[in-house]
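Listed below are the residues making up each chain.
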Amino acid sequence: SQTIHQWPATLVQPVGSPLSLECTVEGTSNPNLYWYRQAAGRGLQLLFYSVGIGQISSEVPQNLSASRPQDRQFILSSKKLLLSDSGFYLCACNPGTDNIQYFGAGTRLSVL
Amino acid sequence: QQPVQSPQAVILREGEDAVINCSSSKALYSVHWYRQKHGEAPVFLMILLKGGEQKGHDKISASFNEKKQQSSLYLTASQLSYSGTYFCGTVRTGANNLFFGTGTRLTVIP
């Protein structure tokens, strides 16, 4: 079965600083990968998804970007963080079975 | 395309039952249920496919009414460990993307 690694678990960044969150997947090949953001007490907002290397679809226009340089690596980036970027960022993997998504442990980002 | 869940929140005493509903305005191929404990990532519970049977997982089960585009999650004899936010996810017929509902916060108290 697949394992989704996310790091760091928590991150505190000043406004205007860059961001790079990494997600790697083990135990499956050619998965669909997703980045979600969750504000405190709220639902899951889909940010990006990828069906393969170099293929990124953006769901919400914002100052974030995503890249997939390798089959099992998905990176979320920002050049300049905003206060509104604070939240719980979750990477998810769909190994290809009935669109079931499995989540990593998440990164809690606070932008101050 | 986001499914609607009800209720938004529910508080139960241990041993009580609860039902969480999920509805969509679109024809559905499948419905997924996830549970997210406070501060943790969502965990997949079960999937219900069009034409499939009602599913069960210990004392948690779910049904899928294809004609009404609705699913219900049933929690029987609730335990403290059932506390968390429950999300449904839906996949439309002919599509590949999973859309998550707004979530239902379930709190079980002693």
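In this text the structure is predicted, and so the values were computed from the model without any measurement.

Conventions used here
- Residues numbered from 1 in each chain as written.
- Chains lettered and ligands numbered in written order.
- Predicted model: local features only at pLDDT ≥ 70, side-chain atom pairs only at ≥ 80, totals over all residues.
- Heavy atoms only, no water.
- 1 Å grid on protein atoms, 1.4 Å probe; cavity = no way out; pocket = protein on both sides within 12 Å on 5 of 7 lines; lining within 4 Å.
- Points joined across faces, edges and corners; volume = space filled by probe spheres on them.
- Nonpolar A, V, L, I, M, F, W, Y, C, P; charged D, E, K, R; others polar.
- Helix = DSSP H or I, 4+ residues; strand = E, 2+ residues; numbered from the N terminus.
- Contact = heavy atoms within 4.5 Å.

A. Quick look at the layout of surface pockets. In this structure, the largest pocket occupies an estimated 670 Å³ of space. Lining the largest pocket are 30 residues; nearest its centre among them are Gln38, Ala40, Gly41 and Arg42 of chain A together with Arg105 of chain B. For the lining of the largest pocket, the per-class residue count stands at seven nonpolar, 18 polar and five charged. Of the volumes computed, that of the second largest pocket is approximately 170 Å³. Along its surface, the second largest pocket is lined by Tyr36, Leu44, Gln45, Leu46, Glu59 and Val60 of chain A together with Gln1, Gln2, Leu98, Phe99 and Phe100 of chain B. When contributions to the lining of the second largest pocket are tallied by element, the ones reaching two or more residues are strand E5 (45–52) of chain A together with strand E10 (98–100) of chain B. A breakdown of the residues in the lining of the second largest pocket according to their chemical character gives seven nonpolar, three polar and one charged.

B. Structural context of the environment of Tyr89 of chain A. Residue and element names in this part refer to chain A. Looking at the secondary structure, you find Tyr89 in strand E9 (residues 87–94). Between the C-alpha atom of Tyr89 and that of Trp7, which follows or precedes it by 82 residues, the distance is 10 Å. Tyr89 has contacts with Gln6, Leu21, Trp35, Tyr36, Arg37, Leu47, Leu64, Leu76, Gly106, Thr107 and Leu109, leaving out every residue within four places of it along the chain.

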